Amino acid sequence: MDEEAKLLRRLKNGDGAALEAAIRLYTPYLSTVLWRAGGGGLAPEDQEELLSDVFLALWQNAARLDPDRGSVRAYLAATARHGVSRLLRTRRATLSLEEQAEHGLEPAAEDPDRLGLWDAVAALGEENLELFVRYYRYGQSLREIAGAMGMKLSTVKTRLFRGKQKLKQSLTEAEGSI
Amino acid sequence: MKRRDLRSELGLPSRGAQAAPARLDLARIAARTCALAAPARTERKRITMKTKRTIFIAVAAVLVLSLTALASSGAILGISSRSLEEEPFTTLPTEAEALAVLGCDALLPERFANGYAFARGYTMTNRMLGENRSVEATVPSYTFTYTLPGKQDVSFSQIPWQEGETVSFVYGDPEMEIDGVTVYAARSVWCDQWGKETGAVSWTLTWQQGPLQCRLHCDRGMEKEELLSMARELIA
């Protein structure tokens, strides 16, 4: 039985420690999901509240989740994306344009920093984005990342090294052309 | 947590604040989720059992006033806390400032006998959540961090609270009584990412003192007796 299946079984048994383990395991990944789904415009506090709701849904629905039909990770990502779209829809419907700007709901293209470093990281692919977020934003060790993402330690090192090479090349070219 | 700067590692010039995936506070997410996840009555029982069976996972940050809010009635199911200020303050508030924020006299210790000294503090706003997670009320609180070189930080939180309120931050097993104030202790065991215990232990002390509920906490590395002696100084 893999680690995710064990975690799901513990959640189904109402093990509160498993819920907190899930929060620590999946939050870095889900922060990339929120960043992409929200266009980088959601405040951290909003993201934290959204993720609380996502993990609450996992807790309440664990008994109904079938690992053969989809992973916990996929369930959480889908729930998070749904939460973001609901939040943005509500805000756009109820806030004035000025208030929307305050909440970071302005069109992303108007912010020059949006086309920056982390967009380039995102262009490396979803898995690499998660790896970079875990390493650079959450300060996780290579070993922790390998465990959380189900990769070999050597794979994590290689991806990080190659990813940085690609980033350096693409960003140096991009900044040189401005 | 180790801070790494991708841009500088790539040898690229700094461009100020950049849009990046947020580094979210796992403690706050865990606190809010736990507060919402468990009905109040069962939560009280679960935490009492936790202190005996040590099954609880502690999380690193100490800004959040409480990991789980307990309620004795079903009216308020949880508490959501968030910082009111981006940056912490680095000098203790005066008595007048504290009175203005909390609405009552606060405990403002500069230093403890074991050498821990005030380093920084936050004002938090705590939202009382009802059945549908509607905000029933908001209550301010202070969280102060005390440091001692080479030792783990200690956090001290206080929130104005009337005895007998439906929700309480006080939890754990009764540990000692001073001048009619009962101090409760809760033990937390640190686990790895899959929930296996690592052997590291944290202690949290909570008590009701006059118009305040207080919480003293240290993440690993401090014996319960030392934390209790700090609580004694606050209560005496």
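Treat the numbers as computed from the prediction; the structure is a model and nothing was measured. (Residues numbered from 1 in each chain as written. Chains lettered and ligands numbered in written order. Predicted model: local features only at pLDDT ≥ 70, side-chain atom pairs only at ≥ 80, totals over all residues.)

Visitor: Please explain the overall build of chain B as it appears in this structure.
Guide: Broken down by element type, chain B carries five helices and 10 strands. Here chain B, with 236 residues, has 42% of them falling under the buried criterion. Pairs at least 24 residues apart make up 62% of the contacts formed inside chain B by residues separated by at least 6 positions. (Helix = DSSP H or I, 4+ residues; strand = E, 2+ residues; numbered from the N terminus. Buried ≥ 20, exposed ≤ 12 C-beta atoms within 10 Å, placed from the backbone. Contact = placed C-beta atoms within 7 Å.)

Visitor: Just to check I follow, could you spell out the overall build of chain A for this structure?
Guide: Within chain A, the secondary structure is distributed over nine helices and zero strands. Seen in sequence order, chain A has helices and strands lined up from the N terminus as α-α-α-α-α-α-α-α-α. The proportion of buried residues among the 178 residues of chain A is 38%. A sequence separation of at least 24 residues applies to 64% of the contacts in chain A between residues at least 6 apart.

Visitor: Which parts of the structure should I look at to understand helix H3 (residues 44–61) of chain A?
Guide: The α-helix advances 3.6 residues per turn, and as a result positions three or four apart in sequence lie on the same side. An ideal rise of 1.5 Å per residue puts 26 Å on 18 residues; H3(A) measures up with 25 Å between its terminal C-alpha atoms. Regarding H3(A), the residues found buried are A:Gln47, A:Glu48, A:Glu49, A:Leu50, A:Leu51, A:Ser52, A:Val54, A:Phe55, A:Leu56, A:Leu58 and A:Trp59. (Expected span 1.5 Å × (residues − 1).)

Visitor: Got a minute to help me understand the pairing of strand E10 (residues 212–218) of chain B in this structure?
Guide: Where a strand is regular, its side chains alternate between the two sheet faces. Residues and elements named next belong to chain B. Counting buried positions along E10 yields seven of seven residues, so the element is predominantly enclosed. Of the two faces of E10, the one lined by Leu212, Cys214, Leu216 and Cys218 and the one lined by Gln213, Arg215 and His217 are each fully buried. Pairing geometry for strand E5 (residues 154–160) and E10, over seven bridges, is antiparallel. Residue pairing in the sheet places Val154 in a bridge with Cys218 of E10. (Pairing = 2+ DSSP bridges.)

Visitor: Explain the nonpolar core to me, please; I cannot follow it from the model alone.
Guide: Most often, soluble globular proteins keep nonpolar side chains buried together rather than apart. By size, the foremost hydrophobic cluster in this structure holds 56 residues, and its most contacted members are A:Leu11, A:Ala22, A:Leu30, A:Leu34, A:Phe55 and A:Ala80. Here this core gets 13 residues from one element, more than from any other, and that element is helix H2 (residues 16–37) of chain A. Excluding its chain neighbours within four sequence positions, the residues that come into contact with A:Leu34 are A:Leu42, A:Gln47, A:Leu50, A:Ala80 and A:Val84. B:Tyr146, B:Val170, B:Ala185 and B:Cys214 belong to the second largest nonpolar core, which has 31 residues in total. (Core = buried A, V, L, I, M, F, W, Y, C linked by C-beta atoms within 7 Å.)

Visitor: Help me understand unusual backbone geometry in this model?
Guide: Both trends apply: most residues other than glycine have a negative phi, and most peptide bonds are in trans. Backbone geometry places B:Asp179, a non-glycine residue, at a positive phi of 50°. Tracing the backbone through its elements, the reader meets B:Asp179 in the loop between strand E7 (173–178) and strand E8 (181–191).

Visitor: Even after reading the chapter, I still don't get the packing of helix H1 (residues 3–12) of chain A against H2(A), so can you show me in this structure?
Guide: For any two helices packed against each other, the geometry comes down to the angle between their axes and how far apart the axes lie. Residue and element names in this part refer to chain A. As a packed pair, H1 and H2 sit with axes 7 Å apart at the nearest point and diverge in direction by 135°. What the angle tells us is that H1 and H2 run oblique. Both H1 and H2 take part in a crossing whose hand is left-handed. Residue-level inspection shows Leu7, Arg10 and Leu11 of H1 in contact with H2, the latter providing Ala18, Leu19, Ala21 and Ala22. Its residues placed into classes, the contact of H1 with H2 shows six nonpolar, no polar and one charged. (Axes fitted to C-alpha atoms, helices over the stretch in contact; angles between N-to-C directions. Parallel < 35°, antiparallel > 145°, perpendicular 65-115°, else oblique. Left-handed = near helix turned anticlockwise from the far one by under 90°. Nonpolar A, V, L, I, M, F, W, Y, C, P; charged D, E, K, R; others polar.)

Visitor: Explain the packing of H2(A) against helix H7 (residues 126–137) of chain A here, please?
Guide: Residues and elements named next belong to chain A. It is the contact of H2 with H7, at a shortest axis distance of 9 Å, that shows an interaxial angle of 120°. The angle between the axes of H2 and H7 places the two elements in the oblique class. The interaxial crossing formed by H2 with H7 has right-handed handedness. Residue-level inspection shows Pro28, Tyr29, Ser31 and Thr32 of H2 in contact with H7, the latter providing Leu129, Glu130, Val133 and Arg134.

Visitor: What's the story with the confidence of the model for chain B in this structure? I'm lost.
Guide: Parts of the prediction with low pLDDT should not have their coordinates interpreted in detail. Residue and element names in this part refer to chain B. With 64% of its residues at a pLDDT of 70 or more, chain B has an overall mean of 72. Looking at the elements of chain B, mean pLDDT is at its lowest for helix H3 (residues 40–53), recorded as 34, and at its highest for helix H5 (residues 224–235), recorded as 94. Note that pLDDT drops below 50 for residues 39–74; the model gives that stretch 90 contacts with residues more than four away or on any other chain. If you check the scores for this complex, the pTM reads 0.52 and the ipTM reads 0.80. (pLDDT = per-residue confidence, 0-100.)

Visitor: Teacher, can you tell me more about the environment of B:Glu177 here?
Guide: Residue and element names in this part refer to chain B. Structurally, the position occupied by Glu177 is in strand E7. On the basis of neighbour count, Glu177 is assigned to the exposed category, with 11 C-beta atoms found within 10 Å. For the pair Glu177 and Arg232, spaced 55 residues apart in the sequence, the C-alpha separation amounts to 9.3 Å.

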